[in-house]
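Spelled out from the first residue to the last, the chains are:
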Amino acid sequence: MELNKKNEVEKKENDSREEMNEMINQSLEKFKKIKRGDIIKGQIMKVDEDGYLVDIQYKMEGHLPNTEKSLFSEKEGTITHTLEIGDEVYLYVVNVDEKNGNVTLSKEKAKYFQLWEKLNDVYRNKEKINAEVIEKNSNGLIVNIGLKGFVPKSQIETKFIKDEDLDKYIGKKLDFVIIKLEKRENKVILSHRLIVEKERKVMYKKTLADLKVGQEKDGIITNITKFGAFVDIGGVEGLLHISEITWRDMKDATKLLKVGDKIKVKIIEYNKENKKISLSIKQFSPNPWENVKEKYSIGDEVEGKVIKIKDFGAFVEIEEGLNGLLHISEMAWAYVKNPSELVSEGEVLKLRILEIEPEKRKISLGLKQLLANPWEDVKKKYLIGSIVEGKITQVTSYGANAELEAGVSGVIHLSEIDWEYVERPSSVLKKYMVLPLKVIKIDEDAHLIFLSRKRTLPNPWEDIDKFFKIDSIVKGKAIRVRDFGAFVKLDKGIEGFVPVSEIDWERIKHPSEKLKKDKEYEFKVIKIDKEKLQLTLSKKRLLPDPWFETKKKFPVGTLVEGKVVNLTDFGAFVNLEENIDGLVPLSEISHKKIDNPESVLSVGEEVTALVIKLDSRRKKISLSIRRAEKEEQKRFMKEYNKKQNVDKILFKDLFGDLFTKK
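Residues numbered from 1 in each chain as written. Predicted model: local features only at pLDDT ≥ 70, side-chain atom pairs only at ≥ 80, totals over all residues. Heavy atoms only, no water.

A. Up close: the overall build of the protein. Of regular secondary structure, the protein possesses nine helices and 37 strands. Here the C-alpha radius of gyration of the protein, 58 Å, is well above what a compact globule of 662 residues would show, namely 26 Å. Its C-alpha atoms put the protein at 225 × 95 × 55 Å along the principal axes. Sequence-distant contacts, at least 24 apart, represent 57% of the contacts inside the protein between residues at least 6 apart. In the structure as shown, the protein presents an accessible area of about 42200 Å², 48% of it carried by carbon and sulfur atoms. Distance between charge centres in the protein, computed from 123 positive and 114 negative side chains, equals 6 Å. (Helix = DSSP H or I, 4+ residues; strand = E, 2+ residues; numbered from the N terminus. Rg over C-alpha atoms; globule rule 2.2 N^0.38 Å. Contact = heavy atoms within 4.5 Å. Areas by Shrake-Rupley, 256 points an atom, 1.4 Å probe, with all protein chains shown as cover. Lys, Arg positive; Asp, Glu negative; His and termini not counted. Charge placed at Lys NZ, Arg CZ, Asp CG, Glu CD.)

The following block contains the structure:
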């Protein structure tokens, strides 16, 4: 019995010893697994100035320094841990010193290697990762994925991204895929574009399958051009043409939109073959011109906003897409030089509808029709012939405009400024000058009064007969020389006119050959017309008339010699002496019938002609070569008879031998 008991005790002791050895061996086996490069889980046991004492389930505790070099940011340099006793953290085994019983740990390296392991898994499995955009640079975006990932500009969206558009991504969380990993350089390249493209492919098929004309879609503006905007309506882009943005008449309707705007559009056209989609915003509301005559009538008073000002008037928006023209002539009863004097852009006006033309999309508006019309009693207030007071509002090349009262204007023509000729109205009249004027005509239809300044001044033509007589000689200065003659300033404020035909007896090409501007000459008064206020002068009539000498030298019947200077279809011009030519008509050149003078004459040829006519009015000499030959024969025979003392010589006596038969 005792032996048995003793054996049982020994057996139990052996079993306990074996269990203890097994437990120690198992624990030692765990301790052997910890080595440099392992990532293990530990618990903070103690905190001191040097760092943290960590229970790592090993035969010795590990040590984690207070500070470590950052592996995620070069700028930060080092990081300081803030841990408390009891905190459990993952740690990287930096070094195991069994001899001295030291295990050096790193929290930063554990975090770094765990992150890269996760990124590798995401990259291998082509998974997407959601991260926040934290900053930008000239080449793209920087994203926080535990470390800084980079998204090139070409990988942000499917469309080109401008530098100024990068700001809108900062702070946003987006989905990305990893397209490149470089652990050695701590570099991760990401793409958001691949996510978008994948999503758009799915949306594209779904949207096109259900798309129909007339559908209303929510869209996002992706791009704006001169001709309109492109709108994403669910993976598919449609064109919102500039003409379909608004009913308003706008030069650049795209100014109403901006990229990224969420808008509602209507499908107005869909070509399944080329996948072209046309969109519209304006068709959500009716065309305002279709029922314009139902809403408005001529004579209606409406309210509108001035949207554009031109030299000829202002365009006014009555309602969206419905514009009218307020012409400058309909702004006020008074003269308006520029529309901006009365109205300004953005101003709201009360106006009257004057005309509606839906087919031309035109509405004519009036502002002055809502004001009192001063022209209703103009004829009573401004009698023709009465003297009124006017203020010059504008001086022009043709005269001046004058205001008699608000809304009542008149015009002073150049010829009504002064009794003397006025070359430049501005030399006499100045803007804002107030002066007496005479009413000479009223045009009620044109709302215009014709005025005269000169008729308020003494009329020098009333006593013209006292100072100027027909055939009297006067002195005057040439003040204007024209192609047709010259105007001459005389005494008493009278202006005379010298026609070009009265300047010289010789033909001249231009009056300036004989009369120089601002030079004084003597003239003969040849005509006075008080009604037309015209006094005609002559300079040539003070000179000897060469025609009288010509008539004496070349009386009718005279035989003359000259040189042919010109040949024409109707005859030949023969120069008799300096500045005196005679005309030989075609019929007077030869006894024979000829078609043109060149057949018998040539320029420079010396000829003998007979003076057959003198035209005193036209100062012309008519000659005949044909008759000159007969006259020469006649005179020859007469002379011959005198020498022979016979009364008559027969033709056969002179030339009979020629006809004698042989």
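B. Broad picture of the sheet that holds strand β26 (residues 434-443). Around the barrel, which closes on itself, the five strands sit in the order β23-β24-β25-β27-β26 with mixed pairing between neighbours. Strand-to-strand twist of the sheet, defined as the mean angle between neighbouring strand axes without regard to direction, takes the value 50 degrees. Here strand β23 (residues 387-395) pairs with strand β24 (residues 399-405) via four bridges, running antiparallel. The partner of isoleucine 392 across the bridge, within β24, is alanine 402. (Pairing = 2+ DSSP bridges. Axes fitted to C-alpha atoms, helices over the stretch in contact; angles between N-to-C directions.)

C. Representation of helix α3 (residues 193-210) within the structure. Over its 18 residues, α3 extends 25 Å from the first C-alpha to the last, a length consistent with the 26 Å expected when each residue adds 1.5 Å. Along α3, the residues that are buried comprise Ile195, Val196, Thr207 and Leu208. Buried positions along α3 lie against β8 (128-137), β11 (173-182), β12 (187-191), β13 (216-225), β16 (262-271) and β17 (276-280). (Expected span 1.5 Å × (residues − 1). Buried < 20%, exposed > 50% of the residue type's maximum accessible area, 1.4 Å probe, protein only.)

D. Region of interest: the layout of surface pockets. The computed volume of the largest pocket comes to approximately 1300 Å³. Every residue lining the largest pocket is counted, 32 residues in all, and those nearest its centre are Trp505, Arg507, Asn579, Arg618 and Lys619. Elements supplying a minimum of two residues to the lining of the largest pocket: α7 (546-553), β33 (559-568), β34 (571-577), β35 (580-585), β36 (606-615) and β37 (620-624). Ranked by residue count, the leading element in the lining of the largest pocket is α7, at five residues. Across the lining of the largest pocket, the residue classes tally to ten nonpolar, six polar and 16 charged. When its volume is computed, the second largest pocket comes out at roughly 790 Å³. Forming the walls of the second largest pocket are 25 residues, and the residues nearest its centre are Glu157, Lys159, Ile220, Thr222 and Asp232. The biggest single contributor to the lining of the second largest pocket is α3, with five residues. Its residues placed into classes, the lining of the second largest pocket shows eight nonpolar, six polar and eleven charged. (1 Å grid on protein atoms, 1.4 Å probe; cavity = no way out; pocket = protein on both sides within 12 Å on 5 of 7 lines; lining within 4 Å. Points joined across faces, edges and corners; volume = space filled by probe spheres on them. Nonpolar A, V, L, I, M, F, W, Y, C, P; charged D, E, K, R; others polar.)

E. Structural context of the pattern of salt bridges. Summed over all chains, the structure comprises 27 salt bridges. Residue arginine 124 pairs with aspartate 121 through a salt bridge whose shortest N-O separation is 2.2 Å. Of this pair, arginine 124 and aspartate 121 both sit in helix α2 (residues 107-125), three residues apart, which is roughly one turn of that helix. You can call aspartate 121 partly exposed: its relative accessible area is 31%. Ionic pairing is found between glutamate 588 and arginine 627, a salt bridge with its closest N-O pair at 3.2 Å. Residue glutamate 588 is found in the loop between β35 and β36, and its partner arginine 627 is found in helix α8 (residues 625-644); the two are separated by 39 residues along the sequence. One salt-bridge network, in which partners are shared between bridges, spans Glu588, Arg626 and Arg627. (Salt bridge = Lys/Arg side-chain N within 4 Å of Asp/Glu carboxyl O.)

F. Local environment of the pairing of β37. Two elements, β36 and β37, share five bridges in a ladder whose sense is antiparallel. By the bridge assignment, leucine 614 is partnered in β37 with isoleucine 621. Hairpin remark: β36 followed by β37, antiparallel, with four residues in the connecting loop; positive phi at lysine 619, about 55 degrees.

G. Quick look at unusual backbone geometry. Even without being a glycine, histidine 447 presents a positive backbone phi close to 55 degrees. When you line up the elements, histidine 447 lands in the loop between β26 and β27 (448-452). Even without a glycine there, the phi angle at aspartate 471 is positive, about 75 degrees. Inspection of the secondary structure puts aspartate 471 in the loop between α6 (464-467) and β28 (473-482).

H. Geometry of a positive patch on the surface. Together, Arg507, Lys613, Arg617, Arg618 and Lys620 line one region of the surface with positive charge. Summarising the element assignment, lysine 620 is placed in strand β37. (Patch = residues over 30% accessible without salt bridge, like charges linked within 9 Å, V, L, I, M, F, W, Y side chains within 5 Å.)

I. The arrangement of a nonpolar patch on the surface in detail. Together, Phe636, Met637 and Tyr640 make up an exposed nonpolar region whose accessible area comes to about 280 Å². On the secondary structure map, methionine 637 appears in helix α8. Using a relative accessible area of 31% as the deciding quantity, one classes methionine 637 as partly exposed.

J. Representation of the sheet that holds strand β20 (residues 322-327). What the five strands build is a closed barrel, ordered β18-β19-β20-β22-β21; its pairing is mixed. Along the sheet, successive strands turn relative to each other by an average axial angle of 50 degrees, direction set aside. Bridging between strand β18 (residues 301-310) and strand β21 (residues 348-357) involves five bridges; their strand directions are antiparallel. Bridge pairing in β21 places glutamate 301 opposite arginine 352.

K. Region of interest: the side chain of lysine 540. Within the element layout of this structure, lysine 540 appears in the loop between β32 (534-538) and α7. The charged side chain of lysine 540 is buried without a salt bridge, its nearest counter-charge being glutamate 502 at 4.4 Å. Lysine 540 has contacts with Ser501, Glu502, Ile503, Asp504 and Trp505, leaving out every residue within four places of it along the chain.

L. Region of interest: the environment of glycine 62. On the secondary structure map, glycine 62 appears in strand β3 (residues 62-65). Separated by 44 residues in the primary sequence, glycine 62 and serine 106 have C-alpha atoms spaced 9.9 Å apart. Each residue touching glycine 62, except ones within four places of it in the same chain, is listed here: Tyr52, Leu53, Val54, Ile56, Val103 and Leu105.

M. Representation of α2. Here α2 is 19 residues long and its end C-alpha atoms lie 27 Å apart, about the 27 Å a rise of 1.5 Å per residue gives. Within the sequence span of α2, burial applies to Glu108, Ala110, Tyr112, Leu115, Trp116, Leu119 and Val122. Positive backbone phi, at 55 degrees, marks lysine 126, one or two positions downstream of α2.

N. Fine view of the packing of aromatic side chains. Tallied over the entire structure, the rule returns ten aromatic pairs. Ring centres 6.1 Å apart and planes at 90 degrees place the aromatic pair phenylalanine 312 and phenylalanine 315 in the edge-to-face group. Relative accessible area serves as the criterion here: at 40%, phenylalanine 312 is assigned to the partly exposed category. Three or more aromatic residues joined by ring pairs make a cluster, and in this case those are Tyr92, Tyr112, Phe113 and Trp116. One cation-aromatic arrangement involves lysine 172 over tyrosine 169; the distance from NZ or CZ to the ring centre is 6.0 Å. (Phe/Tyr/Trp six-rings, centres within 6.5 Å; stacked < 30°, edge-to-face > 60°. Lys NZ or Arg CZ within 6 Å of the ring centre and 35° of its normal.)

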